[in-house]
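# Structural overview
The residues making up each chain are set out below.
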Amino acid sequence: MDADLIQCDPSVMMGKPVVTGTRITVELILEKLSAGETIEQVLEEHPRLTREGVLAALRFAARTLRAEVPC
């Protein structure tokens, strides 16, 4: 479940959403993927990150945007 994979804790990365058990933010994952990196490249650069964590970050971002209705 995504709720277990993404956390927001004020004591970790200033409360930004991160993959649980890491200091890897959803924002960083989105930036890397949007810059053209593959999931495999992101995983190689961050050994503690899992494919499930990356996919949870993408779902979290999609839900957040859906809830806030961007411009």
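Below or above, wherever it landed, is the structure these notes cover.

Conventions we followed
Residues numbered from 1 in each chain as written. Predicted model: local features only at pLDDT ≥ 70, side-chain atom pairs only at ≥ 80, totals over all residues. Heavy atoms only, no water. Patch = residues over 30% accessible without salt bridge, like charges linked within 9 Å, V, L, I, M, F, W, Y side chains within 5 Å. Areas by Shrake-Rupley, 256 points an atom, 1.4 Å probe, with all protein chains shown as cover. Salt bridge = Lys/Arg side-chain N within 4 Å of Asp/Glu carboxyl O. Helix = DSSP H or I, 4+ residues; strand = E, 2+ residues; numbered from the N terminus. Buried < 20%, exposed > 50% of the residue type's maximum accessible area, 1.4 Å probe, protein only. Core = buried A, V, L, I, M, F, W, Y, C linked by side-chain atoms within 4.5 Å.

### Observations concerning a nonpolar patch on the surface
A contiguous nonpolar patch, built from Leu30, Leu55 and Leu58 and spanning about 190 Å² of accessible area, is present on the exposed surface. Mapping Leu30 onto the fold places it in helix H2 (residues 26-34).

### Some details on the pattern of salt bridges
This structure, assessed with the given rule, holds 4 salt bridges. Among the salt bridges present, the one from Lys16 reaches Glu27, with a minimum N-O distance of 2.8 Å. Here Lys16 is found in the loop between strand E1 (6-7) and strand E2 (18-19), whereas its partner Glu27 is found in helix H2, with 11 residues between them in sequence. Relative accessible area serves as the criterion here: at 33%, Lys16 is assigned to the partly exposed category. By relative accessible area, Glu27 is classed as partly exposed at 37%. Taking the shortest distance from any N to any O, the salt bridge between Lys32 and Glu37 comes out at 3.7 Å. Here the residues in one salt-bridge network are Lys32, Glu37 and Glu45, joined through shared partners.

### Describing the nonpolar core
Membership of the largest hydrophobic core is limited to 12 residues, which are Ile6, Val19, Ile24, Val26, Ile29, Ile39, Val42, Leu49, Val54, Ala56, Ala57 and Ala61. At the level of elements, H2, helix H3 (39-45) and helix H4 (51-68) are the ones that each hand at least two residues to this core. A per-element tally of this core places H4 first, with 4 residues.

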